[in-house]
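Descriptive analysis of the structure
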Amino acid sequence: MPLFVLAFAFLAAYAAPILYPDLPGWAATASQLVNYAVWVLFGADYAIRLWLAGKGHRVRFVYKHPLDLIMVLIPLARPLRVVRMVLVLVEVFSRHARTSLRIKAGVYITGITAMILLVSSLAVLDAEREVEGAQITDFGDALWWSVVTASTVGYGDLVPQTGTGQVIAAMLMFCAIGLVGLVSGSLASWFVDRVSAAEEQAERRESAELSRRLTALEQQVAEIHTAVVGNGSSPEKSNGDKDASASLPPNPVVPKQPG
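Residues numbered from 1 in each chain as written. Predicted model: local features only at pLDDT ≥ 70, side-chain atom pairs only at ≥ 80, totals over all residues. Heavy atoms only, no water.

**Some remarks on the overall build of the chain**
Along its length, the chain carries 9 helices and 0 strands. Its helices and strands in sequence order give the chain the pattern α-α-α-α-α-α-α-α-α, from N to C terminus. Taken across its 259 residues, the chain has 25% of its residues classed as buried. Across the chain, the fraction of contacts at a sequence separation of at least 24, relative to all contacts at a separation of at least 6, is 58%. A total accessible area of about 17,200 Å² is found for the chain, and carbon and sulfur atoms account for 66% of it. (Helix = DSSP H or I, 4+ residues; strand = E, 2+ residues; numbered from the N terminus. Buried < 20%, exposed > 50% of the residue type's maximum accessible area, 1.4 Å probe, protein only. Contact = heavy atoms within 4.5 Å. Areas by Shrake-Rupley, 256 points an atom, 1.4 Å probe, with all protein chains shown as cover.)

Next comes the structure, spelled out in structure tokens:
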């Protein structure tokens, strides 16, 4: 989270001179100092965690955390520093996606997509605006170019003219391919979960109705049994007595003896 806050501070310091090129000199200097400070703190964070990994696990740490190393080794060239912001967001998402709920994952995906579009727009505008024959000259054009490129539509109405702009475009394309697949997969998974939840709810309702009917039937049987027992006999016993009485011969009449 501290690195996340630092990344947003870097984004503000990076975006201010691009969006407002007429800033006074002290503001531009302050933005440059913030950029250097953020880079130094990223490097310190990586060095501390590398040291805490232990002597026998440092190579494994470097191998397991490539994004952190790239964030430190990226040159301080102004147009490329913005890549560090995107990598920080990707790293935060990868750390939390495994333990977060689906709604949180959706929020992370949406935030990363919006941030990638924003930083790509700033980077390409910074690289292209002062070039002769540039087609991207304001933030509106840059944002439109980022959306068209990230969505893989590619109208071709705005094209970077510099090598730095083309590098930024290539990185945006690769990021967009993964994001489009991730968003599509998340939406499909969400719909499947909704259908499964509806089916489970219907099954629970049917099970509850069946249980209610069985309970009512058991109560009826219990009432009948109570009524029969209360009369002191059972249907089987009464029927058996009647059948036995019917099978006995009538009592003989004994004549009365005289005297």
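**Quick notes on the packing of aromatic side chains**
Working definition: an aromatic ring pair is given by the centre-to-centre distance plus the angle between the planes. One pass over the full model with this rule turns up 2 aromatic pairs. Ring centres of Tyr46 and Phe61 lie 5.7 Å apart, and the angle between their planes is 50°; this geometry places the pair in the tilted category. Taken together, the positions of Tyr46 in helix α2 (residues 25-52) and Phe61 in helix α3 (residues 58-64) put the pair 15 residues apart, joining distant regions of the chain. The exposure class assigned to Tyr46 is buried, which follows from its relative accessible area of 8%. Overall, Phe61 belongs to the buried group, its relative accessible area being 10%. (Phe/Tyr/Trp six-rings, centres within 6.5 Å; stacked < 30°, edge-to-face > 60°.)

**Side note on the pattern of salt bridges**
Opposite charge on two side chains permits them to pair, given that their charged atoms come into close proximity. As enumerated under the stated definition, the model contains 3 salt bridges in all. Taking the shortest distance from any N to any O, the salt bridge between Arg49 and Asp45 comes out at 3.1 Å. Linking Arg49 with Asp45, this pair stays in helix α2, spanning 4 residues, or about one helical turn. Exposure remark for Arg49: the relative accessible area of 21% places this residue in the partly exposed category. A salt bridge links Arg212 to Glu209, with the nearest nitrogen and oxygen atoms 2.5 Å apart. (Salt bridge = Lys/Arg side-chain N within 4 Å of Asp/Glu carboxyl O.)

**Some details on the nonpolar core**
One finds Tyr14, Leu122, Ile136 and Trp145 to be the most contacted residues of the largest nonpolar core, which totals 26 residues. Counting only elements with at least two residues in this core, the list comes to α1 (2-19), α2, α6 (102-128), α7 (139-150) and α8 (163-230). Of the residues forming this core, the biggest block, 9 residues, is contributed by α6. Counting contributing residues, this core receives three or more from each of domain 1 (1-73) and domain 2 (79-179). Apart from the residues within four sequence positions on either side, Ile136 is in contact with Val124, Leu125, Glu128, Arg129, Asp141, Ala142, Trp145 and Leu158. (Core = buried A, V, L, I, M, F, W, Y, C linked by side-chain atoms within 4.5 Å. Domains from an automatic or database assignment.)

**Observations concerning the environment of Ala127**
Secondary-structure assignment places Ala127 in helix α6. Along the backbone, Ala127 and Ile18 are 109 residues apart, and their C-alpha atoms lie at a distance of 9.9 Å. With residues near it in sequence (within four places) discarded, Ala127 still touches Thr162, Thr164 and Gly165.

**A few points about a negative patch on the surface**
A grouping of Glu199, Glu200, Glu203 and Glu206 is seen on the molecular surface, where their side chains present a negatively charged patch. Counting through the fold element by element, Glu199 comes out in helix α8. (Patch = residues over 30% accessible without salt bridge, like charges linked within 9 Å, V, L, I, M, F, W, Y side chains within 5 Å. Lys, Arg positive; Asp, Glu negative; His and termini not counted. Charge placed at Lys NZ, Arg CZ, Asp CG, Glu CD.)

**Digging into the UniProt feature "transmembrane region" (unreviewed entry) in the chain**
Taking the UniProt record as the reference, the feature "transmembrane region" (unreviewed entry) is found at residues 25-48, 105-127 and 168-192. Along residues 168-192 the backbone is 100% helical and 0% strand, and the end-to-end C-alpha distance reaches 36 Å. (UniProt positions renumbered as here; feature names shortened; annotations may be inferred.)

**Let's talk about α2**
Here α2 contains 28 residues, and its C-alpha end-to-end distance of 41 Å stays within 8% of the 40 Å for a straight helix at 1.5 Å per residue. Every buried residue of α2 is listed here: Ala27, Ser31, Asn35, Val38, Phe42 and Tyr46. After α2 finishes, the residue Gly54 shows a positive phi value of roughly 95°. (Expected span 1.5 Å × (residues − 1).)

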